[in-house]
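Residue-level structure breakdown
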Amino acid sequence: LRISSSKDAYLMLKSVFEDLPHEEFWMLLLNRANFVIGKHFISKGGQAGTVVDPKLIFKIALEHNAAYIILAHNHPSGNVKPSAADISTTKKLKDSGVLLEIPIFDHLIITDSSYLSMADEDLI
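Quick caveat: nothing in here was measured; it's all calculated off a predicted structure.

1. Here we look at the nonpolar core
Of all hydrophobic cores here, the largest spans 17 residues; its most connected members are I3, L13, F17, L28, L108 and I110. Put simply, the parts of the chain that give this core at least two residues each are helix 1 (6-17), strand 1 (24-30), strand 3 (68-74) and strand 4 (104-110). Examining the composition of this core, we find that five residues originate from one element, helix 1, more than from any other. Apart from the residues lying within four places of it in its own chain, the contact partners of L108 are S6, A9, Y10, L13, L71, A72, H73, Y115, L116 and S117. If you look at the next biggest cluster of nonpolar residues, it comprises 15 residues, including F58, A61, A66 and I102.

2. Overview of the side chain of H73
Summarising the element assignment, H73 is placed in strand 3. What makes H73 buried here is its relative accessible area of 2%. At 2.8 Å, the side chain of H73 forms a polar contact with the side chain of H107. Leaving out residues up to four positions away in the same chain, H73 has contacts with F17, E23, E24, F25, D86, H107, L108, I109 and I110.

3. Structural notes on helix 2 (residues 54-63)
Looking at helix 2, one finds that the buried residues are I57, F58, I60 and A61. Relative to the axis of helix 2, the buried residues are bounded by an arc of 155° and lie together on one face. Those residues of helix 2 that are buried are in contact with strand 1, strand 2 (36-44), strand 3, helix 3 (84-100) and strand 4. Between the side-chain oxygen at the start of helix 2 and the backbone nitrogen of K55 there is a gap of 2.9 Å, and the oxygen is on D53.

4. Here's the deal with the sheet that holds strand 4
The strand order 2-1-3-4-5 describes an open sheet built from five strands, whose pairing is mixed. Among the strands making up the open sheet, the edge pair consists of strand 2 and strand 5 (115-117). The average undirected angle you get between the axes of adjacent strands in this sheet is 20°. Looking at chain direction, strand 1 and strand 3 are connected through six bridges and run antiparallel. Following the sheet pairing, L30 is matched in strand 3 by Y68.

5. Some thoughts on unusual backbone geometry
Unusually for a residue other than glycine, N34 sits at a positive phi of about 70°. By the element assignment, N34 lies in the loop between strand 1 and strand 2. Under the relative-accessibility criterion, N34 is labelled buried at 16%. Look at D122: it is not a glycine, yet its phi comes out positive at around 55°. Taking relative accessible area as the criterion, D122 reaches 68% and is therefore assigned exposed.

Rules behind the numbers
Residues numbered from 1 in each chain as written. Predicted model: local features only at pLDDT ≥ 70, side-chain atom pairs only at ≥ 80, totals over all residues. Heavy atoms only, no water. Core = buried A, V, L, I, M, F, W, Y, C linked by side-chain atoms within 4.5 Å. Buried < 20%, exposed > 50% of the residue type's maximum accessible area, 1.4 Å probe, protein only. Helix = DSSP H or I, 4+ residues; strand = E, 2+ residues; numbered from the N terminus. Contact = heavy atoms within 4.5 Å. Polar contact = N/O pair within 3.5 Å; in protein donor to acceptor, adjacent residues only side chain to side chain. Arc of directions from axis to C-beta. Pairing = 2+ DSSP bridges. Axes fitted to C-alpha atoms, helices over the stretch in contact; angles between N-to-C directions.

The following block contains the structure:
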């Protein structure tokens, strides 16, 4: 599947987040032509958060020769608004991606009924 918009990424990921009572963090790995070459589980947390280790994210990306990354996590509360921690974590990961030349294309926050794209909202 080729990703050409945040909606494409959302449609590919929404099933992994449906009806979860806790937060999970996943990522999509893309090749240079924006085709998905992998979908990877990163972490599972509680109702209000999950821990994200940049070393793990980029280790997986490097092992799979990813050109780009799309991050995603859910908010079981149903609120798509990113928290300060969401924005801070995304900035840290984006800066790491620049250094490693594996850009973070987007970070989606997904609920059972909708999603927010941080890229579409100019938050990354």
